[in-house]
Amino acid sequence: LFPMAPGAPFDESKIGAGVAALREAYRLDGYSAATVAVTTTEAPPLRAGGEPRVVVGVAITEGVGARVTDVVVSGATRLTAAEITGVMRLKRDAPFVPGFIAADRETIHDQYDLKGYTAAVIDVRVRLSDDGTRATVTVDVVNEGPQTVVDQIIITGNRRVSEATIRTAIADRKSTRLNSSHVK
């Protein structure tokens, strides 16, 4: 994760990249409050007239790591709890990563959208234990909304291609669920 080794040329950009990679690794392992600090100290050359040296110090304060202990789904009738939790990044017994909350909300909404429930309202909340080591994730499907279906398809302006060919190409099915990927 830290792209420098003793004897390598000193490169501040590599140190910055290493710090960012360490922070990200800790974050993804459930240590969202972890800090990484770097110090550099000049050291004398190993021999007279030799190259200057730098001692790089890396100080890590991990803080408290948190894991997801439970994922609870409520209010869902159009998708099963397994369908919802199956697409989430926050999973039982996995590290708790706060940044996954919004991403999971969007991913769940996308699953509803694919089934034609474009107005679904999803809320993802987290309750941390007093010591900050355990997270319970609650997915509240506040409102699934109505399912939007295609009633009819009206084709106009075709002169060179028959309506039957166009309908075959777009798979005209009256009960096809409409989702936002169909609307351009």
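See the structure above.
Within any chain, residue numbers begin from 1 and follow the written order of that chain's sequence. Given that the model is predicted, a residue must reach a pLDDT of at least 70 before its local features are reported, and side-chain atom pairs must reach 80 or more before they are shown or counted; all residues, however, enter totals for whole chains, interfaces and linings. Neither water nor hydrogens contribute to the side-chain values; these are computed over all heavy atoms in the structure.

1. Comments concerning the nonpolar core
Piece 1. Only buried residues count toward a nonpolar core. Its members are Ala, Val, Leu, Ile, Met, Phe, Trp, Tyr and Cys residues joined through side-chain atoms within 4.5 Å. Exposure classes here rest on a 1.4 Å probe applied to the protein chains alone. A residue is buried below 20% of its type maximum, exposed above 50%, and partly exposed in between. In this structure, Ile84, Met88, Leu90, Ile108, Tyr112 and Ile122 are the most contacted members of the largest nonpolar core, which totals 21 residues.
Piece 2. The helix and strand labels rest on DSSP assignments: H or I over at least four residues marks a helix, E over at least two residues marks a strand, and numbering proceeds from the N terminus. Among the elements of the structure, strand S3 (67-74), helix H3 (100-114), strand S4 (121-128) and strand S5 (134-143) are those that each provide at least two residues to this core.
Piece 3. What Ile108 contacts, discounting residues up to four positions off in sequence, is Ile84, Val87, Met88, Ile122, Val124 and Val139.
Piece 4. The next biggest cluster of nonpolar side chains, apart from the first, holds five residues, and it includes Met4, Ile15, Val19 and Leu22. Should any heavy atoms of two residues lie within 4.5 Å, those residues are considered in contact.

2. Observations regarding the pattern of salt bridges
Piece 1. Throughout this description, the term salt bridge denotes a Lys or Arg side-chain nitrogen within 4 Å of a carboxyl oxygen of Asp or Glu. Across all of its chains, the model carries six salt bridges by this definition.
Piece 2. Residue Arg27 pairs with Glu24 through a salt bridge whose shortest N-O separation is 2.6 Å. Taken as a pair, Arg27 and Glu24 lie in helix H1 (residues 12-28) at a separation of three residues, close to a single helical turn.
Piece 3. In this structure, Asp131 and Arg134 form a salt bridge, with 3.5 Å as the shortest nitrogen-oxygen distance.
Piece 4. Judged by relative accessible area, which is 42%, Asp131 ranks as partly exposed.

3. Quick notes on the packing of aromatic side chains
Piece 1. Only the six-membered ring of Trp is used, alongside the rings of Phe and Tyr, when aromatic pairs are assigned; centres must lie within 6.5 Å, and planes under 30 degrees apart are stacked while those over 60 apart are edge-to-face, with the rest tilted. Overall, the coordinates contain two aromatic pairs when judged by the stated rule.
Piece 2. For the pair Tyr26 and Tyr31, a centre-to-centre distance of 5.9 Å together with 90° between the ring planes defines the contact as edge-to-face.
Piece 3. Its relative accessible area of 18% is what places Tyr26 among the buried residues.
Piece 4. Residue class for Tyr31 comes out partly exposed when judged on its relative accessible area of 23%.
Piece 5. For the ring pair Tyr112 and Tyr117, a centre distance of 6.3 Å and an interplane angle of 85° mean the geometry is edge-to-face.
Piece 6. Classification of Tyr112 by relative accessible area gives buried; the value is 0%.

4. Re unusual backbone geometry
Piece 1. For Asp93, which is not a glycine, the phi torsion comes out positive at approximately 70°.
Piece 2. Within the element layout of this structure, Asp93 appears in the loop between helix H2 (81-86) and H3.

5. Quick notes on the environment of Asp113
Piece 1. For Asp113, the location among the structural elements is in helix H3.
Piece 2. Among the residues examined, Asp113 registers a relative accessible area of 9% and is labelled buried.
Piece 3. When the C-alpha atoms of Asp113 and Gln147 are compared, they prove to be 9.0 Å apart, with 34 residues separating the residues in sequence.

6. Quick word on the sheet that holds S3
Piece 1. Paired strands, in this sense, are two strands between which DSSP finds at least two bridges. One open sheet accounts for three strands, arranged S3-S5-S4; its pairing is mixed. Unpaired on one side and paired on the other, S3 and S4 mark the two borders of the sheet. Ignoring strand direction, the axes of neighbouring strands in this sheet form an average angle of 20°.
Piece 2. Of the strands in this sheet, S4 and S5 touch H3, which is tilted by about 150° from S4. Convention adopted: a line fitted to C-alpha atoms gives each axis, helices being fitted over their contacting stretch, and angles between N-to-C directions are expressed from 0 to 180 degrees.

Any functional reading would require information beyond the geometric quantities listed.
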